[in-house]
Amino acid sequence: MSDSLPRIIVLATGGTIAGASGNPGSSAQYQAATVPVGALLQAVPPLQRVARVEAEQVAQVDSKDMSFALWSALAARIAHWSAQPDVAGIVITHGTDTLEETAMFLHLTQPCPIPVVLTAAMRPSTSLSADGPLNLLDAVRVAAHADARGKGVLVVINQQIHAARDVAKTHTSAVDAFVSASGGPLGFVQDDYVRFARAPLPRVAILPLPSAWPLVEIVASYAEPGRVMVDALVAAGVRGIVVAAAGNGSVHEGLGAALADAARQGVAVVRSSRTGAGHVALPAPARAAPGGFASALDLNPYKARVLLLLLLAADPSLGTDPARLQARLGAY
Ligand code: SIN
């Protein structure tokens, strides 16, 4: 390993990339988040000619159990390493199940003076054709690459580079599970060739890390939904509700009545789509009152919730001003 190579920090959080099974033939029966990051790096010898890699085990979790505390810890470690003048980039290993939420959180909160790249794997480290080693190598290649600077938080998986804001998991088990439905990937990696074909949407600003996290939840619209969940959320003090609405943001009339009551009490209501792709139309003036029923645009319900969490933490009265809410949703 040469001193002239870029210095890259790997922050490990667990997931299937760190998963192991007693049955090497299996890619479905395994324990996520068991292999330490040092062992993951040792399994990828070509890393040594790409970068000087140092690693930190920030957590060892199955990402279904992701928490605000771990998001805050990751943000603190990114801030620490970004401030070291000789660190060229940061790679985060993560579970695939909620990677799109952590990626969105980091996209919204991290200034990224150096590249921050998340990666993951669909198959555990012990499986035949494990995808983790190549994904980790590619993530380091991208984090070390000059063209990755100024592009915000990135996700590298299955030889593709995605914008953190855009990417989502769309399959339970396939290695090509990650898709950027709005505009496609930003680029690709093939061996040492890192190629960006387009730039991500520009960020207007970054949002502050919350000192307290408001209660923001997701409800879905489907045949004959009850209003019991919305009423229970309002009684519990919810500040924001994202609706996984049908089609182009359509909400069942019964659920809509409950949400209108919530909005009248200052709850920020945002419509996203349960379809998995496309923009949700802006509220027509007739449907905008009361409370707005704002559009999450092209953000899926889980990403829209992350944005709403951070917006409401910074501006708790946003639910009382539908026009301001819609403008803020469109700015990230
Ligand atoms: C997880 O999300 O931690 C488990 C599943 C995976 O990484 O694919």
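Each chain has its residues counted from 1, following the order in which its sequence is written. Given that this is a predicted model, residues contribute local features only at a pLDDT of at least 70 and side-chain atom pairs are listed and counted only at 80 or more, while totals for whole chains, interfaces and linings are drawn from all residues. To obtain the side-chain values, all non-hydrogen atoms of the structure were used and water was disregarded.

### Here we look at the sheet that holds strand 12 (residues 240–245)
Within a sheet, neighbouring strands are paired by backbone hydrogen bonds and run either parallel or antiparallel to one another. Read from one edge to the other, the open sheet built from four strands follows the order 11-12-13-14, with strand pairing classed as parallel. Each having just a single partner strand, strand 11 (216–220) and strand 14 (294–295) make up the two edges of the open sheet. As paired elements, strand 13 (residues 268–273) and strand 14 share two bridges and run parallel to each other. Note that in strand 14 the partner of Arg271 across the bridge is Ser295. When DSSP finds two or more bridges between two strands, those strands count as paired. By definition, any uninterrupted DSSP run of H or I lasting at least four residues is a helix, any uninterrupted run of E lasting at least two residues is a strand, and each is numbered from the N terminus.

### Looking at the pattern of salt bridges
For salt bridges, the criterion is a side-chain nitrogen of Lys or Arg within 4 Å of an Asp or Glu carboxyl oxygen. By the definition in use, this model includes 16 salt bridges. For Asp192, the salt bridge goes to Arg49, with nearest N and O atoms at 3.2 Å. Within this pair, whereas Asp192 is found in the loop between strand 9 (187–190) and strand 10 (193–196), its partner Arg49 is found in the loop between helix 1 (37–42) and strand 2 (52–61), the two being separated by 143 residues in sequence. A salt bridge links Arg198 to Asp166; its shortest N-O distance comes to 3.8 Å. Separated by 32 residues along the polypeptide, Arg198 in the loop between strand 10 and strand 11 and Asp166 in the loop between strand 6 (160–163) and strand 7 (167–169) bring together distant segments of the chain. Relative accessibility thresholds used throughout: buried, under 20% of the residue-type maximum; exposed, over 50%; partly exposed, between the two (1.4 Å probe, protein chains only). Exposure remark for Arg198: the relative accessible area of 27% places this residue in the partly exposed category. The network of salt bridges with shared partners includes Arg49, Asp138, Arg141 and Asp192.

### Here's the deal with the packing of aromatic side chains
Here the aromatic set is Phe, Tyr and Trp, taking the six-membered ring for Trp, and pairing holds for ring centres within 6.5 Å; pairs whose planes are under 30 degrees apart are stacked, those over 60 apart are edge-to-face, and all others are tilted. For the structure on display, the rule yields six aromatic pairs. An angle of 45 degrees between the planes, with centres 5.7 Å apart, marks the rings of Phe68 and Trp71 as tilted. In this pair, Phe68 and Trp71 both sit in helix 2 (residues 68–82), three residues apart, roughly one turn of the helix. On the basis of relative accessible area, Trp71 is assigned to the buried category, the value being 3%. Relative to Tyr193, the ring of Phe188 has its centre 5.9 Å away and its plane inclined at 70 degrees; by these criteria the two rings are edge-to-face. For Phe188, a relative accessible area of 36% gives the class partly exposed. The class of Tyr193 is partly exposed, set by a relative accessible area of 46%.

### Considering the pairing of strand 13
Of all six residues in strand 13, six are buried, a share of seventy percent or more. Burial of strand 13 is two-sided: the residues Ala268, Val270 and Ser272 facing one way and the residues Val269, Arg271 and Ser273 facing the other way are all buried. With six bridges joining them, strand 12 and strand 13 adopt parallel strand pairing. When the sheet's bridge partners are listed, Val243 is paired in strand 13 with Arg271. Between strand 12 and its parallel partner strand 13, the chain crosses via helix 6 (residues 253–264), and the hand of that crossover is right-handed. The definition of a right-handed crossover adopted here requires that, viewed with the strands pointing away, the path from the first strand over the helix to the second runs clockwise.

### Considerations on the UniProt feature "active site" (unreviewed entry) in the protein
UniProt positions are given in the numbering used here, feature names are shortened, and annotations may be inferred rather than shown by experiment. The UniProt entry lists Thr16 and Thr96 under the feature "active site" (unreviewed entry), expressed in the numbering used here. Considering the C-alpha atoms alone, the annotated residues occupy 81 residues of sequence yet fold into one spot, their largest mutual distance being 7.3 Å. Tracing the backbone shows Thr16 in the loop between strand 1 (7–14) and helix 1. Taking relative accessible area as the criterion, Thr16 reaches 9% and is therefore assigned buried. Note on contacts: a residue pair is in contact if any heavy atoms of the two residues lie within 4.5 Å. For Thr96, the contacting residues outside a window of four places in its chain are Ser63, Ala120, Ala121, Met122, Lys169 and Phe178.

### Describing the site of the ligand
Contacts to the ligand come from Gly15, Thr16, Asp62, Ser63, Gly95, Thr96, Asp97 and Ala121. Each polar contact in these results corresponds to two N or O atoms within 3.5 Å; when the atoms are within protein, one needs to be able to donate a hydrogen and the other to accept it, and residues that are neighboring in sequence are counted only if both atoms are side-chain atoms. In the environment of the ligand, an oxygen atom lies 2.9 Å from a nitrogen or oxygen atom belonging to the backbone of Thr16. Accessible surface area values rest on a Shrake-Rupley calculation with a 1.4 Å probe, where residue burial reflects the displayed protein chains alone. Summarising the interface, the protein chains cover 95% of the accessible area of the ligand, which totals 250 Å² for the free molecule. Taken together, the residues that form the shell around the ligand break down as one nonpolar, five polar and two charged. Being near a molecule or strand, for a residue, means having at least one of its heavy atoms within 4 Å of it. Three classes are used: nonpolar for Ala, Val, Leu, Ile, Met, Phe, Trp, Tyr, Cys and Pro, charged for Asp, Glu, Lys and Arg, and polar for all others, with Gly counted as polar.

### Quick look at unusual backbone geometry
Even without being glycine, Asn158 reaches a positive phi, approximately 55 degrees. Structurally, Asn158 can be placed in the loop between strand 5 (153–157) and strand 6. At Leu297, a residue that is not glycine, the phi angle is positive and equals roughly 55 degrees. Of note, Leu297 is situated in the loop between strand 14 and helix 8 (301–314).

### Observations regarding helix 8
Expected span of a helix: the number of residues minus one, times 1.5 Å. Its 14 residues give helix 8 an end-to-end C-alpha distance of 20 Å, which sits within 8% of 20 Å, the value for a rise of 1.5 Å per residue. The element helix 8 is extensively covered by neighbouring structure, given that 11 of its 14 residues are classed as buried. Considered for burial, the residues of helix 8 that qualify are Pro301, Lys303, Ala304, Arg305, Val306, Leu307, Leu308, Leu309, Leu310, Leu311 and Leu312. The residue sitting at the N-terminus of helix 8 and contributing the capping side-chain oxygen is Asn300; that oxygen lies 3.0 Å from the backbone nitrogen of Tyr302.

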